[in-house]
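# Examination of the molecular architecture
One-letter residues, chain by chain:
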Amino acid sequence: MSTLGQLRRVRVVGVGLHPYQRPSDTPYTRLGVHAIRAALADAGLEWKQIQAAYTGTATTSMGMSRLMYRHLGATGIPMTQVENASASGSSAFRQACIEVAAGLVDVAIAVGVDKPLNVTMPQRAAGLRDLADGRVVPFTHFALLASRYMHDHGTTPEQIAAVAVKNSRNGALNPNAQRRKPRTLREVLAPPHISGALTRLQCCPVGEGAAAVIVASDEAINRLGLDSDRSVTVLSSVARSEAVYDGENFDAALTRETTAQALDEASVTAADLDVVELHDAFTVEELLYIEAMGLCKPGQAAPLLQAGEFDIGGRVAVSASGGLLAMGHPIGPTGVGQIVEITTQLRGEAKERQHPRARTALAHMVGVGAVCVVHILRKE
Amino acid sequence: MRIAAHPGLYDVEADPPTLSGTTCMRCGRVYFPPMAIGCEACGASEAQLRPTPLAARGTIHALAQVHLHHGRPPAPFTIAEIQLDAGPLIRATLARDEEDPQITDSVSAIWIVTGTGDDGNEIVEPAFTTAPPATETADEAARNGGNS
């Protein structure tokens, strides 16, 4: 067995986005091609130099890749859809990294693209029934979690809502974000109430969009004359699935295990992280995952967030893009979009959103099922 | 005759409601909702999975009043995670007239009627309440008294 870091070095050489937005009549093909062209231009590559494509998608259609990529010129390269619920894009990026690291290709692209056309839940397909059948959708799953978190740590609803205040402030600086308005605590706490402590602005918008990331080997960077100074190294790539956790919340346990392994494989500690993009689909998740990642002690995330430690310019910038709460969560694109954000931060090209001296960054997604995918990148 | 709103999840003839759980005979893990096909904890085959009636009684672990819901029942209603005395952490609906339930409260299930079948029989499901069920046996009343 090898870790990604023990194989051939993989570097991100190009990133691109189509802004995340409310569902529209624009076909996914146009969303995706926009992001891919942006990534190609960023890398200084032509489509014919891409040797493999992985498409992170969960809600659009089976067999969707080629109908999109053909608009760049059909080159006959392998293309594969990667579905892993909310972690689909992260998993597509992981597959692209693995293929380059293994030496099968020199240049690969991961594209996340989705429209909420065909949203399905696996429990239904599995024929599973529950006393709360159909009554516990994701926002109630996380509202339950919020109630327990508040009970365990004495956290207030206002402290949980403060996550959305911070992330809306970041999202307002992100031209690709779906929600671009900075929100006050009063606005975040205002109705409509959705479930438990969660109000509308504490739940991420699920819309549409696209994100693209091109990865390459050192050999390809040299051979193709790419700008090595703007490249960012993928230090580790780890994916895990839920095990049986007695007495521990599974969302937190899965993130704790996956992040610990990713940090270990990257030979860094949580204290080394400058920028973190995480699965803040609902406000309480950010607090829970900050603690599970080891960025602070259990129960300390809310007071430290209030103290500004997780702001851009703070100890570690968390959700500098605006996160899922403000940038949005179009599902397939989300995990790839996180890599776009941390690459941009590590290059020092994030403009008003730039976290100073960003050198090491982490991207984290969870997906129903449940799975977790974590990547750690560094500017060397 | 009562009709179960969720066939296979509870015994409609039991009073108070009894949940239809599963025990893995290999590793001892107890499941609700019932587990089929194979054991999540140890991978034992279906032959090792035995139906186990579970008392619908436990402690509130987490709570959420749902304000937005398309379909039945109409919002608002309250969902709880309940740590059953029998082991599993389950999700269920609290009885509608439940006032100010709190995490760590002891709860047990009562039958609520959600509709009427074609044959005129009541369609029922269990809902949890902090009040002891009126139909409990003397033995259970003594046990509940001991817990409070």
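Here the structure is a predicted model, which is why all the values come from computation and not from measurement. (Residues numbered from 1 in each chain as written. Chains lettered and ligands numbered in written order. Predicted model: local features only at pLDDT ≥ 70, side-chain atom pairs only at ≥ 80, totals over all residues. Heavy atoms only, no water.)

## Focus on the sheet that holds strand S12 (residues 371–378) of chain A
Residue and element names in this part refer to chain A. Here we have ten strands laid out as an open sheet, ordered S3-S2-S4-S7-S1-S8-S12-S11-S9-S10, and mixed in their pairing. Two strands bound the open sheet, and with one partner strand each, they are strand S3 (79–82) and strand S10 (317–318). Pairing of strand S8 (residues 232–241) with S12, which is carried by eight bridges, proceeds in the antiparallel orientation. Along S12, the bridge assignment pairs serine 237 with histidine 375. Here helix H1 (residues 28–43) sits on the sheet in contact with strand S1 (10–21), strand S4 (107–114) and strand S7 (208–217), set at roughly 140 degrees to S1. (Pairing = 2+ DSSP bridges. Helix = DSSP H or I, 4+ residues; strand = E, 2+ residues; numbered from the N terminus. Contact = heavy atoms within 4.5 Å. Axes fitted to C-alpha atoms, helices over the stretch in contact; angles between N-to-C directions.)

## Let's talk about the UniProt feature "domain: Thiolase N-terminal" (unreviewed entry) in chain A
Mapped onto this structure's residue numbering, the UniProt feature "domain: Thiolase N-terminal" (unreviewed entry) falls at residues 24–178 of chain A. A helix fraction of 46% and a strand fraction of 11% characterise residues 24–178 of chain A, whose end C-alpha atoms lie 13 Å from each other. (UniProt positions renumbered as here; feature names shortened; annotations may be inferred.)

## Quick look at the UniProt feature "domain: Thiolase C-terminal" (unreviewed entry) in chain A
Mapped onto this structure's residue numbering, the UniProt feature "domain: Thiolase C-terminal" (unreviewed entry) falls at residues 248–369 of chain A. Span residues 248–369 of chain A is 43% helix and 11% strand, its end C-alpha atoms 17 Å apart.

## Quick look at the interface of chain B and chain A
In this assembly, 36 residues from chain B lie in contact with 22 residues from chain A. Of the roughly 2300 Å² buried where chain B meets chain A, counting both sides, 62% is carbon and sulfur surface. Across the contact surface, chain B and chain A share two salt bridges. The partner of arginine 29 of chain B in a salt bridge is aspartate 246 of chain A, and the shortest N-O contact between them spans 2.9 Å. Here chain B and chain A share nine residue pairs in polar contact (both at pLDDT 80 or more) between them. Of all the elements in the fold, those that place two or more residues in the side of chain B that touches chain A are strand S6 (57–66), strand S7 (77–84), strand S8 (89–93) and strand S10 (122–129) of chain B. Take the side of chain B that touches chain A: its biggest share by element is seven residues, from S6 of chain B. The residue inventory of the side of chain B that touches chain A, partitioned by class, reads 23 nonpolar, seven polar and six charged. (Buried area = accessible area lost by both parts, 1.4 Å probe. Salt bridge = Lys/Arg side-chain N within 4 Å of Asp/Glu carboxyl O. Polar contact = N/O pair within 3.5 Å; in protein donor to acceptor, adjacent residues only side chain to side chain. Nonpolar A, V, L, I, M, F, W, Y, C, P; charged D, E, K, R; others polar.)

## Quick look at the domain arrangement of chain A
Residues and elements named next belong to chain A. What the domain assignment reports for chain A is domain 1 (4–117 + 206–232) and domain 2 (135–202 + 235–378). Each of domain 1 and domain 2 has a C-alpha centre, and these two points are 23 Å apart. Taken residue by residue, the interface counts 43 residues in domain 1 and 39 residues in domain 2. For the domain 1 and domain 2 pair, buried surface summed over both sides reaches about 3000 Å², with 65% attributable to carbon and sulfur atoms. Considering only the side of domain 1, the residues that lose the most area to domain 2 are Tyr20, Ser86 and Val232, jointly responsible for 25% of the buried surface there. One salt bridge connects arginine 347 with aspartate 42, and the closest N-O pair in it is separated by 2.9 Å. Linking domain 1 to domain 2 there are ten residue pairs in polar contact (both at pLDDT 80 or more). Listed by contribution, the elements that provide at least two residues to the side of domain 1 that touches domain 2 are S1, helix H3 (88–101), S4 and S7. Counting residues per element, the side of domain 1 that touches domain 2 draws most heavily on S1, which supplies ten residues. Residue composition of the side of domain 1 that touches domain 2, by class: 20 nonpolar, 17 polar and six charged. (Domains from an automatic or database assignment.)

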